[in-house]
Structure formats: C-alpha cells, structure tokens
Amino acid sequence: MTSPVTQRTPGAVYPDRFFGAPERSRRIGRVLRLAARVDELDEELVDRIGRRMFTRDEPGARLVRAMGREVPAEQRVTMAQFARALDDGVPPDAPAALREFFAEVERTPDWVDPELVERGARAIRRMGRNVDDVLLQLSLIGGYRFGGPPDLLVATGGLTGATAMRRLGETKKWALAISRPGGMRRDGEGFRLTVHVRAMHALINHRFETNGRWDVQRWGLPINQADQAATLGLFNGTLLLGVRALGWLVTPAESWAIMHAWKYVGWLLGVDEDFLFDTEREQNRFNYHVLRVQDDVTPAGAALSGALVDGQPTLGRGPLAGRYARLRLLSMLRFFLGKQDMRDLELPVTPSWAIPPIWAANLVKSGLVARSRRGRRHLERAGDRFADRDLRRTFAGARPEIGALPG
C-alpha cells in the first residue's frame with residue numbers, strides 16, 4: 001500500500017492536519033517510542049488513525065439526531081428524558097432512539113471484569129496527588145502542544161478565561177467518580193457521568209458539523225474516533241508513565257487493573273473497540289503513533305495552557321500558597337515537557353525544583369507503605385481526602401458537577 005507516512009493525501013482520506021509537523025512530533029515522541037519499544041511506524045495503524053479523524057461515535061450521533069426539532073414529537077428525545085433514563089432507567093414507552101442508545105451502553109461486554117475494574121480504581125486512588133499532577137501537566141497541558149482538539153476547546157469556550165478552572169474541575173470530578181468504590185456499576189456516579197460525557201460529545205459534534213463553525217477538512221470531525229482514543233490514552237498509558245516518572249512504583253497487577261478499568265470507560269464513551277487496549281505497551285504503541293501524526297502547536301494551545309497556569313492562585317488558597325502552586329506547576333511542567341515545548345506554549349521556563357521531594361515521598365509510599373494491605377488502605381484514604389479537598393477548592397464552594405447538557 002502507499003505509505004501514509006511519506007505520501008499522505010490530505011483532502012482525500014485524511015484531514016490537512018495529518019502529519020502536519022513530522023520532525024517536531026518525532027522529537028516530542030522520543031521517550032514514548034522507547035517506552036513502547038517501537039522500531040518503525042506501523043503504516044496500517046497510521047492509516048487507520050488518519051481515516052478515523054473523519055469518523056464519529058455513531059450510536060451517540062443517532063441519539064442526538066433524535067433530539068432535533070424536525071423529528072416528530074412522539075419520536076423526539078428530550079434532555080429531560082435522557083436525564084431520567086440515566087438516573088432511573090429507560091421506561092418501556094420511551095422513544096426508540098433513547099431505548100436503542102441505552103441498550104448499547106448497558107450491554108456490558110463479556111470481557112469486562114467488575115472486580116478488576118474495582119482493583120484498578122483502588123490503585124488509582126492510592127496514587128493520590130500524583131494522579132492530579134500527571135493528568136493536569138502531562139496529559140492535559142501536554143496535549144495542548146498539538147493543533148486540533150485545543151482549537152475545539154477554544155471554540156466552545158471550554159477552557160479559557162473565567163471558565164478555565166471550573167472546566168478543569170469538571171474533568172477532575174469525572175475522573176474521581178470513575179475511581180470511587182462502585183463508581184462504574186450501572187448505578188454508580190462514574191458510569192452515569194461517563195455516559196453523560198458521551199452525550200455531550202455527540203451534541204458538540206452535531207452542532208459544530210451543522211453550523212459551519214468548524215473546518216472539518218483541516219481538523220477532521222470535531223470529536224472524532226482518533227482524537228477520542230488519543231484522549232483515553234492520556235488517562236491510562238500516559239498516567240502510568242507519568243507517575244513512574246515521579247518515582248511511583250507501579251506493579252504489573254496494578255498496571256493491568258488500571259488499563260482494564262479505563263478500557264471499560266473507553267468502551268462506554270463510544271471509542272472503537274480496536275482502539276481499546278489491555279496492556280500498557282499496546283496503549284503506548286498506539287499513543288506513539290497518534291503523537292507522530294499530529295499537527296504543530298496553534299495559538300489555542302498557549303491560550304489554554306496560560307489560563308490553567310494563571311488560574312492556580314484562584315483555587316481558594318491564600319496569596320502565598322497560590323503563588324507557590326503556580327510556581328510548582330511551572331516547575332513540574334518543565335520536567336515533563338522540556339524547555340522547547342514550554343516556549344511553544346508561551347510559558348515561563350523554570351528549574352524543576354519540585355521533583356526531588358516528590359520522588360523521595362513517592363518511593364517511600366509506593367515502595368514501603370504500599371507493601372501491606374493496611375498501608376494500601378491508608379494510601380487510598382489519603383488519596384480520597386486529597387481529591388475531595390482539591391475538588392472543593394477548584395469549585396470554590398459551588399456544587400461540583402459536570403456542566404449541564406445543552407437543551
């Protein structure tokens with residue numbers, strides 16, 4: 001087959017951003033390439049990633065189309081009906097599109113092991129603040145180094161200006177709900193919020209596709225299968241790489257359980273099953289290929305990153321604590337992203353002074369405390385306390401909830 005690496009055809013099967021900055025992406029991906037043990041790019045996988053930038057979550061799209069004003073009243077799905085079905089189940093007289101959507105998300109695949117999902121959740125909670133640090137710094141801000149998804153966030157007003165920290169808190173609340181005990185059962189908050197997020201994604205896709213506010217040829221569909229799978233990889237493979245970089249010792253059993261938990265989350269979000277993975281190596285290999293086909297940084301990346309960095313002093317702390325939080329974030333970003341990427345995001349470059357004490361504490365916690373069942377339970381409780389405090393600070397006294405679905 002024709003190599004998409006050397007002879008891509010934007011305008012045909014791939015969007016224009018596909019392989020938009022090959023040398024920059026190669027530089028950024030060096031560490032990930034070593035972690036995934038990739039010798040050369042898999043051209044078939046690269047081709048699938050490029051093509052999936054033009055594909056969507058079809059069950060979600062069908063649900064949203066049934067919400068249109070042009071749909072006959074007896075067949076139309078309302079947001080109130082969706083909310084009731086999410087909380088209480090689908091009544092037998094509900095519109096067909098609503099029944100079909102929930103039949104899909106409630107059809108738990110045979111490969112899902114509920115006990116393994118719970119073990120993955122406990123392992124995540126034991127990592128405590130490290131999860132918050134990695135997801136903010138390496139996953140979220142690190143993801144702003146490439147054009148496409150950051151530009152959509154700016155277009156939706158998602159993470160700029162006054163809404164920056166609230167939207168960050170919404171992401172934290174969702175990730176926290178997933179890791180709570182029983183969170184991914186049908187009646188759990190993690191399950192409900194994940195399905196809620198899937199519906200929001202489908203609504204955003206529909207509205208941007210139909211109102212002409214999104215350049216599909218340049219970026220692909222607003223929320224497409226390739227970007228959704230890449231985002232999922234930031235919550236599992238990238239999270240595990242990041243906590244290890246901070247000195248946390250992850251056992252093979254913990255890795256397996258965390259990957260399994262997030263695989264189920266990805267399935268609920270509507271990610272194509274061939275983009276869901278059981279092991280870190282498989283996920284890192286996929287993440288590396290996704291990274292290599294990305295476009296260059298855009299002004300949206302700097303806007304989003306700056307809003308999150310400058311918003312740190314607003315998180316319910318005193319002036320000195322707020323200033324320290326901002327400097328700590330910049331220090332850790334320097335460690336994770338490096339000088340050049342910090343400059344690309346127009347962030348001040350500072351020494352990585354915060355890393356050595358984090359390393360020392362993590363080696364003690366994961367290497368000594370986590371050896372016993374009692375120690376693991378202590379770490380889980382400490383992680384829960386930190387997450388709850390952090391969420392309260394982020395929402396500044398308001399009720400911590402995911403944004404309402406548009407009507």
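Trainee: I'd love a proper account of helix 7 (residues 114-126), names of residues and values included.
Mentor: Look at helix 7: 19 Å from first C-alpha to last across 13 residues, which is about the 18 Å you get at 1.5 Å a residue. Within helix 7, burial applies to Leu116, Val117, Glu118, Gly120, Ala121, Ala123, Ile124, Arg125 and Arg126. Its buried side turned inward, helix 7 meets helix 8 (129-143), helix 10 (164-179), helix 15 (252-269) and helix 20 (373-395). A side-chain oxygen of the first residue of helix 7 lies 3.1 Å from the backbone nitrogen of Glu115; this N-cap is Asp113. Once helix 7 finishes, Gly128 follows within two positions and takes phi at roughly 55°, a positive value.

Trainee: Can you explain a positive patch on the surface? Please cite residues and give values.
Mentor: A grouping of Arg374, Arg381, Arg385, Arg389 and Arg392 is seen on the molecular surface, where their side chains present a positively charged patch. Examined against the element boundaries, Arg389 turns out to sit in helix 20. Judged by relative accessible area, Arg389 falls into the partly exposed class, the value being 39%.

Trainee: Describe the packing of helix 4 (residues 58-65) against helix 6 (residues 96-105), with residues and values.
Mentor: Put simply, helix 4 and helix 6 touch, their axes get as near as 9 Å, and they point 160° apart. By the angle between their directions, the pair helix 4 and helix 6 is classed as roughly antiparallel. Here helix 4 and helix 6 pass one another in a crossing that is left-handed. Residues Pro59, Gly60, Arg62 and Leu63 of helix 4 form the contact with helix 6, whose own contacting residues are Ala97, Leu98, Phe101 and Glu104. Of the residues contributing to the contact of helix 4 with helix 6, the split by class is 5 nonpolar, 1 polar and 2 charged.

What counts and what doesn't
Counting restarts for each chain, with residues numbered from 1 along the sequence as it is written. For a predicted model such as this one, the threshold for reporting local features is a pLDDT of at least 70, and the threshold for listing and counting side-chain atom pairs is 80 or more; totals across whole chains, interfaces and linings nevertheless cover every residue. To get the side-chain values, take all heavy atoms of the structure and skip hydrogens and water. Per the convention used, a helix needs a DSSP run of H or I reaching at least four residues, while a strand needs a run of E reaching at least two, with both numbered from the N terminus. Expected helix span is given by 1.5 Å per residue-to-residue step, counting one fewer step than there are residues. Burial here depends on accessible area, computed with a 1.4 Å probe over protein chains only, as a share of the maximum for the residue type. Under 20% is buried, over 50% is exposed, and the range in between is partly exposed. In this analysis, two residues are considered to be in contact whenever any of their non-hydrogen atoms come within 4.5 Å of each other. Two N or O atoms form a polar contact when they lie within 3.5 Å of each other; inside protein one atom must be a possible hydrogen donor and the other a possible acceptor, and for residues adjacent in sequence the pair counts only when both atoms belong to side chains. Note on patches: the residues involved have over 30% relative accessible area and no salt bridge, like charges join within 9 Å, and the nonpolar side chains Val, Leu, Ile, Met, Phe, Trp and Tyr join within 5 Å. Residue-level accessible areas treat just the shown protein chains as cover; the underlying method is Shrake-Rupley with a 1.4 Å probe. Salt bridge, as used here, is a side-chain nitrogen of Lys or Arg placed within 4 Å of a carboxyl oxygen of Asp or Glu. When charges are counted, Lys and Arg are positive and Asp and Glu negative, with His and the chain ends excluded. Just so you know, the charge point we use is NZ for Lys, CZ for Arg, CG for Asp and CD for Glu. For helices, the fitted axis covers only the stretch in contact; all axes are lines through C-alpha atoms, and the angles between them, taken along N-to-C directions, range from 0 to 180 degrees. Each angle is binned into one of four classes, with values under 35 degrees roughly parallel, values over 145 roughly antiparallel, values of 65 to 115 roughly perpendicular, and all other values oblique. Two helices that cross are described as forming a left-handed crossing if the nearer one is turned anticlockwise from the farther one by less than a right angle, and a right-handed crossing if clockwise. Following the grouping adopted for this structure description, the nonpolar residues are Ala, Val, Leu, Ile, Met, Phe, Trp, Tyr, Cys and Pro, the charged ones are Asp, Glu, Lys and Arg, and the polar ones are all others, Gly among them.

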